[in-house]
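A look at the structure
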Amino acid sequence: MMRYMRIGLMAVLITAGIVVLPDGVAAQAAPTIALEPVSASVAYGSGNVAVQLMAHDVPTVGSFEVIVRYDATRLSFASFTGGPFLGSTGRSVKCPAVITDTDTVKAGCYTFGSTPAPPSGSGLLATFFFTPSASGTANLSFDEKDEIGDAFAANVPVEAQVTRIAARESAD
């Protein structure tokens, strides 16, 4: 009887969004992809600003594709470079050409081959470079269709985060 009560209580707690873990079991952080730094300030006309696409606490990642939205009245897209994380276990990596539009850039990379296993954990997926074109604050965000895939191209659920770049008139 006590066993059924425990199972019933756990079902109620899980349904309520509360997860009870046995002693000694640590809660796993939710996988996220984030544009970092979360905020940056740069002098207008001082060159490009680098924004890194980071993976945090991913169980496995064999590919990614993101659509970054930015304020085209304050920033212009300059370039994209794939990061070292996807190939960190020795897998071959390919990053196709980016697709740009007025205020978006679509970019991604993928790995291929059956071995070695893809990486897991946290690391640099890519770096986007933007050039400030006017003073003011510009937000960069992800499109809702962003994906990280495992080695078999199955989607890995992630939580996307936003970054903000402030371009100022001078270098003071």
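Further up the page is the structure itself.
First, a word on scope: everything that follows refers to the structure included in this document. (Residues numbered from 1 in each chain as written. Predicted model: local features only at pLDDT ≥ 70, side-chain atom pairs only at ≥ 80, totals over all residues. Heavy atoms only, no water.)

**A look at the environment of cysteine 109**
Here is the rule: Strands are runs of DSSP state E lasting at least two residues, helices are runs of H or I lasting at least four, and both sets are numbered from the N terminus onward. Note on contacts: a residue pair is in contact if any heavy atoms of the two residues lie within 4.5 Å.
Along the polypeptide, cysteine 109 turns up in strand E8 (residues 104-112). Linking cysteine 109 and proline 96, residues 13 residues apart in sequence, is a C-alpha distance of 6.6 Å. Not counting residues up to four positions away in its chain, the partners in contact with cysteine 109 are Ser63, Phe64, Phe80, Gly82, Leu86, Val93, Lys94, Cys95 and Pro96.

**Description of the nonpolar core**
Our working rule: The criterion is simple. A nonpolar core is a set of buried Ala, Val, Leu, Ile, Met, Phe, Trp, Tyr and Cys residues joined through side-chain atoms within 4.5 Å. For the exposure calls, accessible area comes from a 1.4 Å probe over protein chains only, and a residue counts as buried if that area is under 20% of its type's maximum, exposed if over 50%, partly exposed in between.
Grouped together as the largest cluster of nonpolar side chains are 27 residues, with contacts concentrated most on Leu53, Phe128 and Phe130. Among the elements of the structure, strand E1 (32-36), strand E3 (49-58), strand E4 (63-70), strand E5 (75-82), E8, strand E9 (121-132) and strand E10 (136-142) are those that each provide at least two residues to this core. With five residues, E3 is the single largest residue contributor to this core. Apart from the residues lying within four places of it in its own chain, the contact partners of phenylalanine 130 are Gly47, Asn48, Val49, Val51, Val68, Tyr70, Leu75, Ser76, Phe77, Ala78, Val105 and Leu140.

**Some words on the pattern of salt bridges**
Quick note on the threshold: When a carboxyl oxygen of Asp or Glu lies within 4 Å of a side-chain nitrogen of Lys or Arg, that pair is called a salt bridge.
By the definition in use, this model includes one salt bridge. In this structure, glutamate 65 and lysine 106 form a salt bridge, with 3.9 Å as the shortest nitrogen-oxygen distance. Of this pair, glutamate 65 sits in strand E4 while lysine 106 sits in strand E8, placing them 41 residues apart in sequence. The partly exposed category is assigned to glutamate 65, whose relative accessible area is 35%. Overall, the relative accessible area of 30% leaves lysine 106 in the partly exposed class.

**As for unusual backbone geometry**
Across the junction of glutamate 36 and proline 37, the peptide omega takes the value 10 degrees, indicating a cis bond. Position of proline 37 relative to the elements: it lies in the loop between E1 and strand E2 (39-43). With an omega dihedral of -5 degrees, the bond running from threonine 115 to proline 116 counts as a cis peptide bond. Here proline 116 lies in the loop between E8 and E9.

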